[in-house]
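Tertiary structure, described
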Amino acid sequence: MKKHTISILVENKFGALNRIVGLFSARGYNIDSISVGTSEDDSVARVTIVSKGDDDVIEQIIKQLNKLIDVTKVVDLTYDNYVERELVLIKVAANRNSRSELMQISEIFRSKIIDISPRSITIEATGSEQKVDAMIKMLDPFGIKEIARTGRVALKREFEGTV
Amino acid sequence: MSTNEMTGAEIFVKSLIEENVEYIFGYPGGAVIGVYDAMHDMSHIKHILTRHEQGAVHAAEGYAKATGKVGVVVVTSGPGATNTVTGIADAHMDSVPLVVFTGQVSTNLIGNDAFQEADIIGITRSITKHNFLVKDVKQLAWTIKAAFHIASTGRPGPVVVDMPKDVMASKAAFLYPKEVKLRGYHPFYFGHMGQINKAVEIINASRKPVLYVGGGVINSNASAELYNLAKKLNAPVAMTLMGLGAYPGDDKLSMGMLGMHGTWYSNIAVDQCDCLIAIGSRFDDRVTGNPAMFSPNSKKIHIDIDPSAISKNVKVDVPIVGDVRHVLERLTPLVNTLDTKEWLEQIEDWKAEHPLRYENGSEIRAQFVIEKIYEMTNGNAVITTDVGQNQMWAAQFYKFLNPRSNITSGGLGTMGFSFPAAMGAAFGVKDRPVFSINGDGGIQMNIQEMATAVSNKLPLKIVILNNGYLGMVRQWQDLFYKKRYSHVTLGNNPDFVKLAEAFGGAGFITDKTEEVVPTLKEAMKINDRPVIIDFRTIKEDNVFPMIPGGGTVAQIIDYPKSVKELQMAKVHSEAVK
Ligand SMILES: Cc1ncc(C[n+]2csc(CCOP(=O)(O)OP(=O)(O)O)c2C)c(N)n1
Ligand SMILES: [Mg+2]
């Protein structure tokens, strides 16, 4: 089963997000991650959902999403060229001995340290899901205390190739 | 303040007049008392006070299915609103256009667990086509327009409009919009010409076509177009439960109903055809059985207005998204008249070998009652049916000649549907008799509506096929659970004649086959009030043919001719359960 990144534009109205989430639960579709915020147009929110499923299932999901009156556009970015990012905050146990190594790791991942205390540091990282996963793996041995991930956001690329 | 300002309640009434609403089915309460005050002086619209909100929704469904217009319901908040849930779910499954107006507590109280508060928007989200909470009286007229637009266009369905009490009391100028624009809603009507051409190619190469017809043909008023296509192709027609009436049941090309309790020959024909043209039907599991084995040798074409209905259960070769009538109008001129002589002869042979049948005797058979009603009404009645054996026998033995004549709860299978739906149909259709067919179980689920039917002098014929059992469940326990009848006996059924009379209606009862016709004749003479006719039928009869759930045509049980054959059928169905 493939992971699909589905980008949804929906009327920025009371209850509209509920309709989307409710559709997934009522029909037994899974949500790996979901992120919501306004789009370029204030009256429209962009919802990015990552869902695993066979092509048939994903096709049904997209059709069902399109049926929602408040949904104005649905795109499965998976087969397009698109950019994706996720932001994560990781609070790791740290002491005098481990702090510098943690700072090195943070640097390698081009992330930032945004909070520090005698017993922990908090790292902010952005990147693809794989990058975030790899970073978490590296930090795990130090003792991760808390993680907050935003879930994936994505947009279609205008030009082919990477920047 | 402009002089044209009025309250939300007044805007509500004016908007319904703009929508040409004839009937509101409803029940008042605290949250809508202001709305009811505004309705007190209504002259264009008749309010029908049902005796339960579920009755109101089914009545609105019956009205909508019989007329093609939008059914309208008004109820109060909390329990009034929650009582509509079954009816709304029913309408959602069967694509019935409804607008259900629910009262709501005042906006400042929403979310406070206020008296008679229920989150009906949350509750009905997954069983409506759309729903609205009106937060500002300035939005009310627009919302009502949008609700009717959404309910009645595309694949029709129920829309809920939740109206807080304070919104309905506050004032705004009334301007009913001519149209509403919804960014996210653009039903697609016309069908892609490229797809239509592909379908034509497949159809023209076919020698053994079958038209598999569902309720979408009726919703899009495409019976005439379907008739033209069938006649041009010389293709036999199999109908789903919801599709009955879309094609005349007495025509030579009709194979009646298909699916679990469909005719033997329609199921075999679908199995063996080389081209299956699904029109306004949705490959429901009651039709397909095991979807992997459904119609295995055919090229499949699927015409439906709902893109999500396509390839949901069964993969098709050529999907055509569009309104059935529009698509057929363009498809039919392009197809050739097919040489299906051999195929039709084959089907005639099957019809002769495996007809629908039952053994008549002195004890009443439900099938016989339905057959007689068919004959005595010349196939011209509006028939509402409940759920269970009564529904299947009505579907098998009443040959519906016209669309919008067969009104039943197909998708949800709601017991208690038939009688209130018949009331709604009778308000909408004055020139044809309306019969409500019921089991002795289901009729008791909305029997309170006798008071509504009597108050409105509705000349309904309420037929009870009284077998003393929750018959369809008993049948499954008989066939699949070693006849262990667990809680299916209806021991203390009321005296339905007295009950009818207590409400001010008329009642008849008989348990003899020879009295069926005379009793129906007597009942049909009464036209100023509802009549209940209690037919005491054979108690343990089963509906055949039957394909056990999830099975294939190889497992079809035709009407067993002997005890031995029935025994074998049971063993057989045990194996495929
Ligand atoms: C509201 C509801 N509850 C339960 C069922 C399950 N059910 C399906 S058919 C049936 C038996 C119906 O009995 P009756 O009304 O006497 O009709 P019969 O099958 O005997 O004709 C039941 C309980 C249902 N369809 N709807
Ligand atoms: Mg019964």
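Computed from a prediction, not measured in an experiment: that's the story for all the values here.

Conventions and cut-offs
Residues numbered from 1 in each chain as written. Chains lettered and ligands numbered in written order. Predicted model: local features only at pLDDT ≥ 70, side-chain atom pairs only at ≥ 80, totals over all residues. Heavy atoms only, no water. Helix = DSSP H or I, 4+ residues; strand = E, 2+ residues; numbered from the N terminus. Buried < 20%, exposed > 50% of the residue type's maximum accessible area, 1.4 Å probe, protein only. Contact = heavy atoms within 4.5 Å. Domains from an automatic or database assignment. Buried area = accessible area lost by both parts, 1.4 Å probe. Donors = N, O, S within 2.8 Å, 3.2 Å for Na, K, Ca; no water. Salt bridge = Lys/Arg side-chain N within 4 Å of Asp/Glu carboxyl O. Polar contact = N/O pair within 3.5 Å; in protein donor to acceptor, adjacent residues only side chain to side chain.

Residues and elements named next belong to chain B. Along the chain, the position of histidine 261 falls in the loop between strand S11 (254–257) and helix H12 (264–272). Residue classification places histidine 261 among the buried positions, given a relative accessible area of 4%. Look past the residues within four positions of histidine 261 in its chain and what remains in contact with it is Met392, Gln396, Met472, Gln475, Val543, Pro545 and Met546.

This brings us to the domain arrangement of chain B. All names here are of chain B. Along its sequence, chain B is carved into domain 1 (5–173), domain 2 (193–353) and domain 3 (366–536). Computed from C-alpha atoms alone, the centre-to-centre distance between domain 1 and domain 2 is 37 Å. Contacts between domain 1 and domain 2 engage seven residues on the former and six residues on the latter. Buried area between domain 1 and domain 2, summed over both chains or domains, comes out near 530 Å², and the portion from carbon and sulfur atoms is 52%.

Right, let's talk about the coordination of the magnesium ion (ligand 2) for a bit. All names here are of chain B. At this site the magnesium ion (ligand 2) is bound by Asp440 (OD), Asn467 (OD1) and Tyr469 (O), with donor distances of 2.1 Å. Taken in chain order, the donor set of the magnesium ion (ligand 2) reads D-x26-N-x1-Y. In this pair, aspartate 440 is assigned in the loop between strand S17 (434–439) and helix H19 (450–455) and tyrosine 469 in the loop between strand S18 (461–466) and helix H20 (471–480), connecting sequence segments 29 residues apart. With respect to class, aspartate 440 is no different from tyrosine 469; both count as buried.

This brings us to the interface of chain B and chain A. Listed by partner, the interface residues are 17 residues for chain B and 19 residues for chain A. Summed over both partners, the interface of chain B with chain A comes to about 1600 Å²; 50% of that surface belongs to carbon and sulfur atoms. Connecting chain B to chain A are four salt bridges. The residue arginine 183 of chain B makes a salt bridge to aspartate 41 of chain A at a minimum N-O spacing of 3.5 Å. If you look at where chain B meets chain A, you find 10 residue pairs in polar contact (both at pLDDT 80 or more).

Overall, the coordinates contain 39 salt bridges over all chains when judged by the stated rule. We note a salt bridge from aspartate 94 of chain B to lysine 65 of chain B, for which the minimum N-O separation is 3.5 Å. In this pair, aspartate 94 of chain B sits in the loop between helix H5 (85–93) and strand S5 (98–104) while lysine 65 of chain B sits in helix H3 (residues 53–67), placing the two residues 29 residues apart along the sequence. Grouping residues by exposure puts aspartate 94 of chain B and lysine 65 of chain B together as buried. Where aspartate 251 of chain B meets lysine 231 of chain B, a salt bridge forms, and the shortest distance between an N and an O atom there is 3.0 Å. Residue aspartate 251 of chain B is located in the loop between strand S10 (237–239) and S11, and its partner lysine 231 of chain B is located in helix H11 (residues 223–233); the two are separated by 20 residues in the primary sequence. One salt-bridge network, held together by shared partners, links Lys3, Asp32, Lys52, Glu84, Glu129 and Arg152 of chain A.

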